[in-house]
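Each chain, letter by letter, is given below.
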Amino acid sequence: MTTVSQLAVLFILIALGYAGSALKALSPDSAKVMTKVVFTITLPCSILSSVIGGDLNIGGADTAAFMLMVIVVYLIYLALAFPAARLLGKDKNIRGLYSFMLIFSNVAFMGLPVGSAILGPESVFYIALFGIPFWITSFSFGLMLVAGKKGKFNYKEFITPIFISSILLIPLALTGFRAPDIIVNAVRLTGSITTPASMLIIGITLAQEPIRKIFTNWRLYPLSAVKLLIIPIVVFFVMRPFVESDIMLGVLVILSAMPTATVAAMFAVEYNNNESTASSGVFLTTLLSGVTIPLIVHFFLT
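Quick caveat: nothing in here was measured; it's all calculated off a predicted structure.

Participant: Mind showing me how you'd approach the environment of Ser256 here?
Facilitator: Locating Ser256 in the fold gives a position in helix H13 (residues 246-256). On the accessibility criterion, Ser256 (0% relative accessible area) is buried. Contact partners of Ser256, with chain neighbours within four places excluded, come to Val73, Tyr77, Ser105, Lys227, Ile231, Pro232 and Val235. A polar side-chain atom of Ser256 sits 2.6 Å from a polar atom in the side chain of Tyr77.

Participant: Just checking my understanding: could you explain the environment of Phe242 for this structure?
Facilitator: With respect to the helices and strands, Phe242 occurs in the loop between helix H12 (220-239) and H13. Judged by relative accessible area, Phe242 falls into the exposed class, the value being 65%. The spacing of Phe242 and Met67 is 175 residues in sequence and 13 Å in space, taken between C-alpha atoms.

Participant: Teacher, can you tell me more about the pattern of salt bridges here?
Facilitator: When charged atoms on two side chains of opposite charge get close, those side chains can pair. What the rule picks out here adds up to two salt bridges. Lys36 is the salt-bridge partner of Glu270, the closest N and O atoms lying 3.1 Å from each other. Linking Glu270 in helix H14 (residues 263-271) with Lys36 in helix H2 (residues 28-49), this pair joins segments that are 234 residues apart in sequence. Taking the relative accessible area as the measure of exposure, Lys36 reaches 47% and is therefore partly exposed. Residue Asp181 pairs with Arg178 through a salt bridge whose shortest N-O separation is 2.4 Å. You can call Arg178 partly exposed: its relative accessible area is 45%.

Participant: Would you take a moment to explain unusual backbone geometry for this structure?
Facilitator: Backbone phi values are negative for most residues with the exception of glycine, while trans is the configuration of most peptide bonds. At Asn272, a position not held by glycine, the phi torsion is positive, near 50°. Relative to the elements of secondary structure, Asn272 occurs in the loop between H14 and helix H15 (275-300). The phi dihedral of Asn274 is positive, around 50°, even though this residue is not glycine. Structurally, Asn274 can be placed in the loop between H14 and H15.

Participant: Can you help me understand the packing of helix H10 (residues 194-206) against H15 in this one?
Facilitator: Two quantities define a packed helix pair, namely the angle between the axes and the distance from one axis to the other. Contact geometry of H10 with H15 gives a least axis separation of 9 Å together with a crossing angle of 125°. On the basis of their axis angle, the class for H10 and H15 is oblique. Crossing handedness for the pair H10 and H15: left-handed. Across the interface between the two elements, Ile202, Thr205 and Leu206 of H10 pack against Glu275, Ser276, Ser279, Ser280, Val282 and Phe283 of H15.

Participant: Would you mind showing me how to read the nonpolar core here?
Facilitator: Generally speaking, nonpolar side chains in soluble globular proteins are found buried as a group. Within the largest apolar cluster, 100 residues are counted, with the highest numbers of intra-cluster contacts made by Leu43, Phe66, Phe130, Val235 and Leu252. Leave out the neighbours within four places in its chain, and Leu43 touches Val38, Trp135, Phe139, Ile162, Thr194 and Val263.

Participant: Please explain the packing of aromatic side chains as it appears in this structure.
Facilitator: Any pair of aromatic rings gets described here by the distance separating the centres and the angle formed by the planes. This structure, assessed with the given rule, holds 14 aromatic pairs. Taking the centre distance of 6.3 Å and the plane angle of 80° together, the rings of Phe215 and Phe283 count as edge-to-face. Residue Phe215 is found in helix H11 (residues 212-216), and its partner Phe283 is found in helix H15; the two are separated by 68 residues along the sequence. Cluster of aromatic residues (ring-pair linked, three or more members): Phe39, Tyr74, Tyr77, Phe100, Phe104, Phe130, Phe134 and Phe267.

Participant: How do you make sense of helix H9 (residues 181-191) when you look at a structure like this?
Facilitator: Working note: α-helix, 3.6 residues per turn, so residues spaced by three or four point in the same direction. If you check which residues of H9 are buried, you get Val184, Val187 and Gly191. Angular distribution of buried residues about the axis of H9 spans 75°; they occupy a single face of the element. Seen from the buried face of H9, the exposed residues on the opposite side, beyond 90 degrees, are Ile182 and Leu189.

Participant: Explanation requested: the packing of helix H4 (residues 92-103) against H15 in the structure shown.
Facilitator: Put simply, H4 and H15 touch, their axes get as near as 11 Å, and they point 20° apart. With respect to H15, the element H4 is oriented roughly parallel. Where H4 crosses over H15, the handedness of that crossing is right-handed. Seen from H4, the contacting residues are Ile94, Leu97, Tyr98 and Met101; seen from H15, they are Thr277, Ala278 and Gly281. Here the contact of H4 with H15 is built from residues that sort into five nonpolar, two polar and no charged.

Participant: Would you mind showing me how to read H13 here?
Facilitator: Summarising burial for H13: 10 of the 11 residues are buried, a large majority. Turning to H13, its buried residues are Ile247, Met248, Leu249, Gly250, Val251, Leu252, Val253, Ile254, Leu255 and Ser256. The N-cap residue of H13 is Ser245: its side-chain oxygen and the backbone nitrogen of Ile247 are 3.3 Å apart.

About the cut-offs
- Residues numbered from 1 in each chain as written.
- Predicted model: local features only at pLDDT ≥ 70, side-chain atom pairs only at ≥ 80, totals over all residues.
- Heavy atoms only, no water.
- Helix = DSSP H or I, 4+ residues; strand = E, 2+ residues; numbered from the N terminus.
- Buried < 20%, exposed > 50% of the residue type's maximum accessible area, 1.4 Å probe, protein only.
- Contact = heavy atoms within 4.5 Å.
- Polar contact = N/O pair within 3.5 Å; in protein donor to acceptor, adjacent residues only side chain to side chain.
- Salt bridge = Lys/Arg side-chain N within 4 Å of Asp/Glu carboxyl O.
- Axes fitted to C-alpha atoms, helices over the stretch in contact; angles between N-to-C directions.
- Parallel < 35°, antiparallel > 145°, perpendicular 65-115°, else oblique.
- Left-handed = near helix turned anticlockwise from the far one by under 90°.
- Core = buried A, V, L, I, M, F, W, Y, C linked by side-chain atoms within 4.5 Å.
- Phe/Tyr/Trp six-rings, centres within 6.5 Å; stacked < 30°, edge-to-face > 60°.
- Arc of directions from axis to C-beta.
- Nonpolar A, V, L, I, M, F, W, Y, C, P; charged D, E, K, R; others polar.

Structure below.
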């Protein structure tokens, strides 16, 4: 029920964006403007808000071991995503988008609330650790996948506020840095805009196409099956012999079962790469995860 409630909130926000666009209160250009705001201001604040309060204490062998596990999990994602994307699309740009949608999950907006609700407050530490490689890889390697032919960047184009904030996560977390309360509160408040803004962007983008296209794009169904069922099940069976901690294993499996990361839609808008497909994929995997996440938890983590 916690999972369903969290998903319902996200769908309401998507519906608001869709309604705003349908009523002409929000133009298609609004999505591009909001994407710029999210990428340059709110998302970097959201990333940093998890560590600048000094609440995340990192240290010890368990931390190093878990980070190694996360690397192995991402290798599993790669091994499954690229062959699946090749089967789903012939065009390189759409294959790159499909690969991104399979590799990167909604760790930021759903992972923490849903994962901690299922596994308990002790899981928050590991969920935060899982987010570090997510931010670093999704906004570098992942960005190139979605950008396609437009992804011929030099190193300067990767030095974005999001990439910088992701890199800063590691030393800030290791040193237990604590910013003044007024800074912490301001950054957290700004970062809290990210989730509703991202959902509104998806709603605006979906409104540009007939709603039936979301459910008639047959390729999104096998993609959803791989994303929501095959990947977390493979992660469970590969990692179970090596992970003694139920909390660690639970975090790895549940975060692997999350729907496609909402930044897929924002990247697609930014680089004009099949925006409708990206938004439809985020919407459909989020909708279906209301069923698949409870099933994964019931059959593999209880």
